[in-house]
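Below, each chain spelled out in residue letters.
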Amino acid sequence: MADLSETRQVAGVAVGVLNAQDGRDYQEDFFFTAQNAPLDISKIHGFLQTAFKTTADKFVNATDTGSTGTIAIVTPDQHITTAHLGDSPAVLFVCDHKTGNVKAHLLTPPHNSKNAKEEARVTKAQGFFWGGDLAQDYKTKDSSKIQLRRLGITRSFGDKFFKAISDDPEINRFNIRKYAKPNDRVFLCVTSDGVLGDNKEMLPESYETLIANALGNSSSPQEIAQKMAKRARDKGGEYNGTDN
């Protein structure tokens, strides 16, 4: 299994993760960071739309292959702009400079059946869910029986087998100062749902104490990432992150 995820302190970089499944019983997570070239802040939304469309075009005929995608761009005006497909989350962790307590803020609501907006979108697109998953019925060439294929997310690159799938990214912009006071420590974590997910053990807020304790021991962002990955392996059972 190849998998990449890491936590980086907010410092004017773009971070992202691709969580790819290629008709296999495992998935590969590709994590990257990149220093932004000069970019007019007013053009970030269009830049992200173009980037996602360019990638989506490469998956236009992909019926048995799919990938989530999440990008977060941090700008000097103390804002974060996110674009995502699927359930690979971007989470802002804020450490109160007075108490040392940590608060998690999920910036990218997962695109799945638990998302009311996605449920409405899928229904409008004449799609349906089965057992909490996006579903698509079909007949095999050698059988008249109706088969059912399921997918845990409702937006992705590829996965064109599902008629209600969407590759239109959700783009949002956040003011960091809405969540953090002056002198608070702020960390942006972008990873796969194997580390930060919507099941009870992987909820972002379940990491608050771990991060607070790590910061109290002067751990670096990289060391915190290691601790988060270890916790995910120990707790999740379906771990698809990394400690690299």
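Rules and cut-offs
Residues numbered from 1 in each chain as written. Predicted model: local features only at pLDDT ≥ 70, side-chain atom pairs only at ≥ 80, totals over all residues. Heavy atoms only, no water. Pairing = 2+ DSSP bridges. Helix = DSSP H or I, 4+ residues; strand = E, 2+ residues; numbered from the N terminus. Axes fitted to C-alpha atoms, helices over the stretch in contact; angles between N-to-C directions. Buried < 20%, exposed > 50% of the residue type's maximum accessible area, 1.4 Å probe, protein only. Phe/Tyr/Trp six-rings, centres within 6.5 Å; stacked < 30°, edge-to-face > 60°. Core = buried A, V, L, I, M, F, W, Y, C linked by side-chain atoms within 4.5 Å. Contact = heavy atoms within 4.5 Å. Arc of directions from axis to C-beta. Salt bridge = Lys/Arg side-chain N within 4 Å of Asp/Glu carboxyl O.

Chemist: What should I look at first to understand the sheet that holds strand S9 (residues 133-139) in this one?
Modeler: Adjacent strands of a sheet form backbone hydrogen bonds with each other and so pair up, either parallel or antiparallel. The strand order across the open sheet built from 3 strands is S8-S9-S10, with neighbouring strands paired in antiparallel fashion. Two strands in the sheet have a free side with no partner beyond their single neighbour: strand S8 (128-130) and strand S10 (146-151). Taking each pair of neighbouring strands and ignoring which way they run, the sheet shows an average axis angle of 55°. Two strands pair when backbone bridges link them, and S9 and S10 are joined in this way by 6 bridges, in the antiparallel orientation. By the bridge assignment, Asp137 is partnered in S10 with Leu148.

Chemist: Explain the pairing of strand S5 (residues 79-85) to me, please; I cannot follow it from the model alone.
Modeler: The side chains of a regular strand alternate between the sheet's two faces. Counting buried positions along S5 gives 7 out of 7 residues, so the element sits mostly inside the fold. The side-chain alternation of S5 yields two buried faces, one formed by His79, Thr81, Ala83 and Leu85 and the other by Ile80, Thr82 and His84. Here strand S4 (residues 66-75) pairs with S5 via 7 bridges, running antiparallel. In the strand pairing of S5, Thr75 is matched with His79. What sits between S4 and S5 in their antiparallel hairpin is a turn of 3 residues, with Gln78 showing a positive phi close to 65°. Note: S5 against strand S12 (residues 170-175), 6 bridges, orientation antiparallel. Following the sheet pairing, Ile80 is matched in S12 by Phe174.

Chemist: For this particular structure, what's the right way to read the packing of aromatic side chains?
Modeler: Each aromatic ring pair is summarised here by two numbers: the centre-to-centre distance and the angle between the ring planes. Tallied over the entire structure, the rule returns 4 aromatic pairs. Here Phe59 and Phe157 contribute two aromatic rings whose centre-to-centre distance is 5.8 Å and whose plane-to-plane angle is 25°, an arrangement assigned as stacked. Taken as a pair, Phe59 in the loop between helix H1 (44-58) and S4 and Phe157 in strand S11 (residues 157-158) lie far apart in primary sequence, 98 residues in all. Judged by relative accessible area, Phe157 falls into the buried class, the value being 2%. A connected cluster of aromatic rings, assembled from ring pairs, spans Phe52, Phe59 and Phe157.

Chemist: What should I look at first to understand the nonpolar core in this one?
Modeler: As a rule of thumb, soluble globular proteins bury nonpolar side chains together. Core analysis: the biggest nonpolar cluster contains 18 residues, and Phe93, Val102, Leu196, Tyr207, Ile211, Leu215 and Met228 have the highest contact counts within it. Put simply, the parts of the chain that give this core at least two residues each are strand S6 (90-95), strand S7 (102-106), strand S13 (185-190), helix H3 (208-216) and helix H4 (221-236). No other element matches the 4 residues that H3 contributes to this core. Once you skip the residues sitting within four places of it in the chain, Val102 turns out to touch Phe93, Val94, Cys95, Glu208, Ile211, Ala212 and Leu215. In terms of nonpolar packing, the next biggest core, distinct from the first, is built from 13 residues, Ile80, Ala90, Leu107 and Val186 among them.

Chemist: Where do I start with the side chain of Thr82 in this structure?
Modeler: You can see Thr82 is positioned in strand S5. In this structure Thr82 comes out as buried when scored by relative accessible area, which is 0%. Here Thr82 is in contact with Ile71, Ala72, Ala90, Leu107, Thr108, Glu170, Ile171, Asn172 and Phe174, once residues within four sequence places are set aside.

Chemist: Whenever I open this one, H3 confuses me. Can you help?
Modeler: Structurally, the α-helix is built with 3.6 residues per turn, so residues lying three or four positions apart point the same way. Glu208, Ile211, Ala212, Ala214 and Leu215 are the residues of H3 that are buried. Seen along its axis, H3 keeps its buried residues to an arc of 165°; they face one direction. Turned more than 90 degrees off the buried face of H3, the exposed positions are Thr209 and Gly216.

Chemist: In this structure, what is going on with the pattern of salt bridges? I would like to understand it.
Modeler: Where charged atoms of side chains with opposite charge meet at close range, the side chains can pair. Using the criterion set out here, one finds 10 salt bridges in the structure. When the shortest N-O distance is used, the salt bridge between Lys230 and Asp234 registers 2.9 Å. Here Lys230 and its partner Asp234 are both found in helix H4, 4 residues apart, which amounts to about one turn of the helix. Using a relative accessible area of 46% as the deciding quantity, one classes Lys230 as partly exposed. Looking at Asp234, the relative accessible area reads 55%, which means it is exposed. Within the structure, one salt-bridge network assembled from shared partners comprises Asp96, Lys181 and Asp184.

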